[in-house]
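As a plain string of letters, each chain reads:
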Amino acid sequence: MDGVLAIAVLVVVIAATAVTVALYERELKHIAYFLRRSDRSSNERATVGLSTPGISSVAAAVNSEMDKLRDERSAMDEQQETFRRDLAALSHDIRTPLTGAQGYLQLYERSSDPEEQARCLREAASRLAAMRELTDKLFEYSKAVDTDRPLELGPVEVLPVLAEVLAGAYPQFAARGWEARIHFEDEDVTILGDEESLARVFSNLLSNSLRYGASAPAITQEIVPEEGDMLVVISVSNEVTDPNSIETDRLFERFYRADGARGGGGSGLGLAIVASLCSNMGGFVEARLEGNNLTVVVKLRSA
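Residues numbered from 1 in each chain as written. Predicted model: local features only at pLDDT ≥ 70, side-chain atom pairs only at ≥ 80, totals over all residues. Heavy atoms only, no water.

A word on the overall build of the protein chain
The test is simple: Elements are defined by DSSP. Helices are runs of H or I of four residues or more, strands are runs of E of two residues or more, and each kind is numbered from the N terminus. Partly exposed describes any residue whose relative accessible area lies between the buried limit of under 20% and the exposed limit of over 50%, with all areas from a 1.4 Å probe on protein chains only and scaled to the type maximum. Throughout, a residue-residue contact means that at least one pair of heavy atoms, one from each residue, lies within 4.5 Å. Per-residue accessibility takes into account occlusion by the displayed protein chains alone, with areas from the Shrake-Rupley method and a 1.4 Å probe.
A tally of helices and strands in the protein chain yields seven helices and seven strands. Starting at the N terminus and ending at the C terminus, the protein chain contains elements arranged as α-α-α-β-α-α-β-β-α-β-β-α-β-β. Residues classed as buried in the protein chain amount to 34% of the 303 residues present. Excluding contacts between residues fewer than 6 apart, the proportion of contacts in the protein chain whose partners are at least 24 apart in sequence is 68%. Put simply, the protein chain shows about 18,200 Å² of open surface, and 54% of that area lies on carbon and sulfur atoms.

Below, the structure written as structure tokens:
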């Protein structure tokens, strides 16, 4: 009698196990079918009929991976759309001066007046120079964002680099009747960086001030503690003519130009290059607008 009971219990256990395995297999097939037919861009979720810890954890893992795939696809789509917009802007910026130069060269060929011919050549040269400036900025930007060429950082004295860049920009400042105002808390301050990159940062910041500013820039330096580190903070500040057209949170995007500055040329890459170079040197840059005064703040590690 005991043997018959034992056999009966064993049969029941085997049957229950078989049913359980069949249910698990059904749920796994359901999840596999969901993965095969699901649209990766939709918000559809994997569901289960047999809510056991094991099956529920599998479904949760599947949904988590699906969420990651959707996020990655969304980010990729956004990058592609940004690239398309940037490419369209770049094409326009190159085509405009090129078309202008071609037009003036055609006028040159049709004219017999020496003064008119000279004017056409000047205008054509001016537009070709604008195109050259854009291509130079593109090359500079490509170098700044090249992750395959890491910088070898070392101690760099800040004030001599700034003085050299200011000396190179003297003719442009003199033409505007401007004189940069400089106040350094520590004239011997040294950053951990790259001298060429720092010079390009200053050059682009000053070019931005000359192109879009309404007053001579004020350049200040101070040292501040931040998150256990000592940072050299360099601020370049000047008045702007149309502060309402400036979006400070977009100033460092590539090809961004404030609405009020679109007619004044420029590549829209200068401040994007500044942001990349600062990042490459372990620092960062930010901007703030107070009334008519725009301030770009560069923060780099002290050496």
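Here we look at helix α4 (residues 158-168)
Basically, it comes down to this: Directions from the helix axis toward the C-beta atoms define the arc.
Within the sequence span of α4, burial applies to Val-158, Val-161, Leu-162, Val-165 and Leu-166. Along α4, the residues classed as buried sweep out an arc of 135 degrees about the axis, all on the same side. Exposed residues on α4 whose side chains face more than 90 degrees from its buried face are Glu-164, Ala-167 and Gly-168.

With respect to the confidence of the model for the protein chain
Formally: pLDDT expresses how confident the predictor is about each individual residue, on a scale running from 0 to 100.
Overall, the predicted model of the protein chain reaches an average pLDDT of 81, with 79% of residues at or above 70. Within the model, the stretch residues 260-264 combines pLDDT values under 50 with five contacts to residues more than four positions away or in other chains.

Details of the nonpolar core
This is how the line gets drawn: In this text, buried Ala, Val, Leu, Ile, Met, Phe, Trp, Tyr and Cys residues form a nonpolar core when linked through side-chain atoms within 4.5 Å.
If you look at the biggest cluster of nonpolar residues, it comprises 46 residues, and the most contacted ones within it are Val-158, Phe-173, Leu-198, Val-201, Phe-202, Leu-205 and Leu-251. Going through the elements one at a time, α3 (114-144), α4, α6 (195-212), β5 (229-239), α7 (270-280), β6 (284-290) and β7 (293-301) are the ones with two or more residues in this core. Discounting residues that sit within four places of it in the chain, Leu-251 has contacts with Ile-246, Tyr-256, Leu-271, Ala-287 and Leu-294.

What about the side chain of Ser-235?
Note that Ser-235 resides in strand β5. The buried category is assigned to Ser-235, whose relative accessible area is 10%. When near neighbours in sequence (up to four residues on either side) are disregarded, Ser-235 contacts Ala-218, Ile-219, Thr-220, Thr-295, Val-296 and Val-297.

Some remarks on the pattern of salt bridges
Between side chains of opposite charge, a pair can form when the charged atoms approach closely. Here is the rule we go by: Within this document, salt bridges are pairs made up of a side-chain nitrogen of Lys or Arg and a carboxyl oxygen of Asp or Glu, the two lying within 4 Å of each other.
Tallying each qualifying case throughout the model produces six salt bridges. A salt bridge links Glu-286 to Lys-299, with the shortest nitrogen-to-oxygen separation between them at 3.6 Å. Of this pair, Glu-286 sits in strand β6 while Lys-299 sits in strand β7, and the two are 13 residues apart along the sequence. A relative accessible area of 33% places Glu-286 in the partly exposed class. Linking Arg-288 and Glu-290 is a salt bridge whose minimum nitrogen-to-oxygen distance equals 3.6 Å. By sharing partners, the salt bridges in this structure join Glu-247, Arg-250 and Glu-253 into a single network.

Points about the sheet that holds β5
Pairing between the strands of a sheet is mediated by backbone hydrogen bonds and can be parallel or antiparallel. Applicable threshold: When DSSP locates at least two bridges between a pair of strands, those strands are taken to pair. Axis angles are defined between N-to-C directions and span 0 to 180 degrees, where every axis is a line fitted to C-alpha atoms and, for a helix, only to the segment in contact.
If you walk across this open sheet you meet the five strands as β2-β4-β5-β7-β6, and the pairing is mixed. Lying at the two open borders of the sheet, with one neighbouring strand each, are β2 (181-184) and β6. Pairs of neighbouring strands in the sheet enclose a mean axial angle of 25 degrees, with direction left out of account. In terms of strand pairing, β5 meets β7 through nine bridges, oriented antiparallel. Its bridge partner being in β7, Ser-235 is matched across the sheet by Val-297. Seen against the sheet, α4 touches β2, β4 (218-226) and β5 and runs at an angle of roughly 175 degrees to β2.

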